[in-house]
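# Per-entry structural report
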Amino acid sequence: MTLQDKLTTTKRTHILNAAARTFAEKGYHATTVRDVARAAGVADGTIYNHFQNKYALLLGLFTQMTEAAEPALNPAALTGLHLRELLREMLDQPLQSLRGENYELVRVVLSEALINRDLASDFRTGLLTPMLAGTVEVLRRRGDLRADPEDTVRLLSSLVLGLLLQAALGDEELQETWAVLPDRLADLLVGGLA
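Below: a short report on this structure. Along each chain, residues carry numbers from 1 onward, in the same order as the chain's sequence is written. Selection of residues for local features in this predicted model requires a pLDDT of at least 70, selection of side-chain atom pairs for listing and counting requires 80 or more, and totals for whole chains, interfaces and linings are taken over all residues. To get the side-chain values, take all heavy atoms of the structure and skip hydrogens and water.

The helix count covers DSSP runs of H or I at least four residues long, the strand count covers runs of E at least two residues long, and both are numbered beginning at the N terminus. Assigned secondary structure in the protein chain consists of 11 helices and 0 strands. Secondary structure elements in the protein chain, listed N-terminal to C-terminal, are α-α-α-α-α-α-α-α-α-α-α. Burial analysis of the protein chain (194 residues in total) assigns 41% to the buried set. Contacts are assigned to residue pairs with any non-hydrogen atoms lying within 4.5 Å of each other. Sequence separation of 24 or more characterises 69% of the internal contacts of the protein chain that already satisfy a separation of 6 or more. Put simply, the protein chain has 20 plus and 25 minus side-chain charges, and the middle of one group is 4 Å from the middle of the other. Relative accessibility under 20% of the residue-type maximum defines a buried residue, over 50% an exposed one, and the middle range a partly exposed one, all with a 1.4 Å probe and only protein chains included. When charges are counted, Lys and Arg contribute as positive and Asp and Glu as negative, whereas His and the chain ends are disregarded. In plain terms, the charge of a residue is placed at NZ if it is Lys, CZ if Arg, CG if Asp and CD if Glu.

For the rest of this paragraph, the subject is the pattern of salt bridges. Basic side-chain nitrogens of Lys or Arg form a salt bridge, by our definition, when they fall within 4 Å of a carboxyl oxygen of Asp or Glu. What the rule picks out here adds up to 12 salt bridges. Taking the shortest distance from any N to any O, the salt bridge between Arg 34 and Asp 44 comes out at 3.0 Å. Of this pair, Arg 34 sits in helix α2 (residues 33–40) while Asp 44 sits in helix α3 (residues 44–50), placing them 10 residues apart in sequence. Classification of Arg 34 as partly exposed rests on a relative accessible area of 45%. Here Arg 88 and Asp 183 are joined by a salt bridge, their closest N and O atoms 2.9 Å apart.

This paragraph deals with the nonpolar core. Of all hydrophobic cores here, the largest spans 53 residues; its most connected members are Phe 23, Leu 57 and Leu 61. Breaking this core down by element, the ones donating at least two residues are α1 (3–26), α2, α4 (54–69), α6 (83–97), α7 (103–113), α8 (117–142), α9 (149–168) and α11 (181–191). Looking at which element gives the most residues to this core, the answer is α8, with 9 residues. Definition of nonpolar core: a set of buried residues of the types Ala, Val, Leu, Ile, Met, Phe, Trp, Tyr and Cys, connected through side-chain atoms within 4.5 Å.

Their axes nearest at 9 Å, the elements α8 and α9 cross at an angle of 130°. Classed by the angle they form, the pair α8 and α9 counts as oblique. Classified by chirality, the crossing of α9 by α8 is right-handed. Between α8 and α9, the residues in contact are Phe 123, Leu 128, Leu 132, Thr 135, Val 136, Leu 139 and Arg 140 and Pro 149, Glu 150, Thr 152, Val 153, Ser 157 and Leu 161, respectively. Lines fitted to C-alpha atoms define the axes, with helix axes restricted to the stretch in contact, and inter-axis angles between N-to-C directions lie between 0 and 180 degrees. Between 65 and 115 degrees an angle is taken as roughly perpendicular, under 35 as roughly parallel, over 145 as roughly antiparallel, and anywhere else as oblique. Take the far helix as the reference: if the near one is turned anticlockwise from it by less than a right angle, the crossing is left-handed, and if turned clockwise, right-handed.

This part is about α9. Counted at 1.5 Å a residue, the expected span for α9 with its 20 residues is 28 Å, and the 28 Å between its end C-alpha atoms agrees. Those residues of α9 that sit buried are Pro 149, Thr 152, Val 153, Leu 156, Ser 157, Val 160, Leu 163, Leu 164 and Ala 167. Buried residues of α9 fall within an arc of 130° about the axis and therefore sit on the same side. Contacts made by the buried residues of α9 are with α6, α7, α8, α10 (172–176) and α11. A distance of 3.3 Å separates the backbone nitrogen of Glu 150 from a side-chain oxygen at the start of α9, and that oxygen is part of Asp 148. To estimate how far a helix should extend, the number of its residues minus one is multiplied by 1.5 Å. What the arc measures is the spread of directions leading from the helix axis to the C-beta atoms. Contacts described as polar in this section are N or O atom pairs within 3.5 Å, which, within protein, must combine one atom able to donate a hydrogen with one able to accept it, while residues neighboring in sequence count only if both atoms come from side chains.

The structure is reproduced here in structure tokens:
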């Protein structure tokens, strides 16, 4: 990578970070490209040197979020785990990778994906489907589950998305216990409510 490429990448990342903060503060629709430029400390034209429009900024954030989640579960590492540990790992990776510094990205992209069909489709096919495909295969190979692997993974991903939504709505207690949620959920799923 040339020095110019590194500078361009750094500038794009700086602009995307400003876009994530601004979208999170003002909402995607209320934010203008000028707002993002001010937050980034650059001229409006600089934004357009890197992104065609505001939607391209949102897609850039989506790409950033996808790349952050990419070191997803390694299906080979899950082989042979006890069911509780398998569930814990399946829940831990997305819960931890979609929080922390990536949380604002998730919040912005998820909120827009709820009303923008194109982004919802990109979110599903670009992030969820690849992230979950390996896990489905691990469950298929196990052979000791009564539930359909695809249904199981779909339900687990719904649980994760529901927790992200609940956290975005301001559930402070949930946010305080975020680190232990994978263990609690794995215990609940394996042991049941009794």
